[in-house]
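Here are the chains, one letter per residue:
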Amino acid sequence: MVLGLLLGLKPAAAQNYIEISKEKLTLSLIDEATGKVVKTYPVAVAAKYGPKLKKGDGKTPEGTFKLNQILYSKNLTHDFRDGKGPIKGAYGPWFLRIDVPGFIDIGIHGTHLPESIGSRASEGCIRMRNEDILDLKERVWVGMKVVILPDPVQ
């Protein structure tokens with residue numbers, strides 16, 4: 001057990017995965033063994049409904065993916081093309097990159113707009129309150145499964 005922890009392996013009892021509901025605007029940690037919810041956070045997802053098909057379509061992907069990077073993002077900037085220019089800290093303190101085939105910048109991250117949480121406001125990523133991404137970051141690992149549930153039928 002100690003050797004496994006030193007190698008960065010998670011014990012079998014800690015095999016949680018992330019489930020994002022675009023309908024409920026939630027991100028939940030699910031215990032894979034029992035299917036029970038460990039913790040749930042409110043999120044914001046893409047402004048547009050449907051699965052992500054191309055860069056810039058304003059949609060959040062749907063399907064099963066893996067986390068492929070945990071990136072400190074407090075100093076990163078993003079220009080929302082709203083006339084305000086690049087915003088430092090737009091991604092909050094952490095950006096958890098999701099391995100979505102064909103896309104390199106889809107992730108779960110904090111935000112400089114906490115009022116957007118609980119709405120459809122992003123360009124495709126999953127936004128969380130900064131205090132929630134800090135908590136989530138301590139519970140995830142590279143290679144962790146991420147399931148993004150489809151939008152409700154419109």
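For the structure, see preceding data.
If you're wondering where the values come from, they're calculated on a predicted model, not measured in any experiment.

Draft legend 1. Just the nonpolar core, in detail. Counting 26 residues, the largest nonpolar core has Ile18, Ile20, Leu27, Leu67, Ile98, Ile108 and Leu136 as the members making the most contacts within it. For this core, the secondary structure elements donating two or more residues are β1 (16-21), β2 (26-31), β5 (63-72), β8 (94-98), α2 (130-137) and β12 (145-149). At 3 residues, β8 tops the list of elements feeding residues into this core. Setting aside chain neighbours within four positions, we find Leu27 in contact with Ile18, Glu19, Ile20, Lys39, Thr40, Tyr41, Val43, Ile108, Met128 and Leu136.

Draft legend 2. Structural view of the environment of Ile126. Within the secondary structure, Ile126 is located in strand β11 (residues 126-127). Its relative accessible area of 0% is what places Ile126 among the buried residues. The sequence separation of Ile126 and Gly110 amounts to 16 residues, and the corresponding C-alpha distance is 8.5 Å. Beyond its immediate sequence surroundings of up to four residues, Ile126 is in contact with Ile20, Val43, Ala44, Val45, Thr60, Ile98, Gly107, Ile108, His109 and Ile148.

Draft legend 3. Main features of the packing of aromatic side chains. Tallied over the entire structure, the rule returns 2 aromatic pairs. Centroid distance Tyr72 to Trp94: 5.4 Å. Interplanar angle 75°. Geometry classified as edge-to-face. Here Trp94 lies in strand β8 and Tyr72 lies in strand β5, a separation of 22 residues in the sequence. Note on Trp94: relative accessible area 17%, which makes it buried. Judged by centre distance (5.5 Å) and plane angle (85°), the rings of Tyr91 and Phe95 are edge-to-face.

Draft legend 4. Region of interest: the layout of surface pockets. Here the largest pocket defines a volume of roughly 600 Å³. Lining the largest pocket are 24 residues; nearest its centre among them are Lys55, His78, Tyr91, Asp105 and Glu123. Looking at the lining of the largest pocket residue by residue, the class counts come to 10 nonpolar, 7 polar and 7 charged.

Draft legend 5. Structural context of the pattern of salt bridges. Within this structure, the stated rule accounts for 11 salt bridges. In this structure, Asp151 and Arg120 form a salt bridge, with 2.8 Å as the shortest nitrogen-oxygen distance. Taken as a pair, Asp151 in the segment after β12 and Arg120 in strand β10 (residues 120-122) lie far apart in primary sequence, 31 residues in all. Owing to a relative accessible area of 19%, Arg120 belongs among the buried residues under this scheme. Between Asp132 and Arg129 there is a salt bridge whose closest N-O contact spans 2.9 Å. On the accessibility criterion, Arg129 (31% relative accessible area) is partly exposed. Counted as one network, the salt bridges with shared partners bring together Lys22, Glu62, Arg120 and Asp151.

The rules we used
- Within any chain, residue numbers begin from 1 and follow the written order of that chain's sequence.
- This being a predicted model, a pLDDT of at least 70 is required before a residue's local features are given, and a value of 80 or more before pairs of side-chain atoms are given or counted; all residues contribute to the totals for chains, interfaces and linings.
- Excluding hydrogens and water, the side-chain values take into account all heavy atoms of the structure.
- Joining through side-chain atoms within 4.5 Å is the link that ties buried Ala, Val, Leu, Ile, Met, Phe, Trp, Tyr and Cys residues into a set, and such a set is a nonpolar core.
- Only protein chains enter the area calculation, which uses a 1.4 Å probe; residues under 20% of their type maximum are buried, those over 50% are exposed, and those in between are partly exposed.
- Only DSSP runs of H or I reaching four residues or more are called helices, and only runs of E reaching two or more are called strands; each is numbered from the N terminus.
- We call two residues in contact whenever any of their non-hydrogen atoms come within 4.5 Å of each other.
- The aromatic pairing rule takes the rings of Phe, Tyr and Trp, using the six-membered ring of Trp, and pairs them if the centres are within 6.5 Å, calling planes under 30 degrees apart stacked, those over 60 edge-to-face and the rest tilted.
- Put simply, the grid is 1 Å and covers the protein atoms alone, a cavity is a trapped set of points that fit a 1.4 Å probe, a pocket is an open set with protein on both sides within 12 Å along at least five of seven lines, and lining residues have an atom within 4 Å of a point.
- Grid points are joined across faces, edges and corners, and a volume is the space filled by probe spheres set on the points.
- Each residue receives one of three labels: charged for Asp, Glu, Lys and Arg, nonpolar for Ala, Val, Leu, Ile, Met, Phe, Trp, Tyr, Cys and Pro, and polar for the others, Gly being one of them.
- Definition used for salt bridges: Asp or Glu carboxyl oxygen within 4 Å of a side-chain nitrogen of Lys or Arg.

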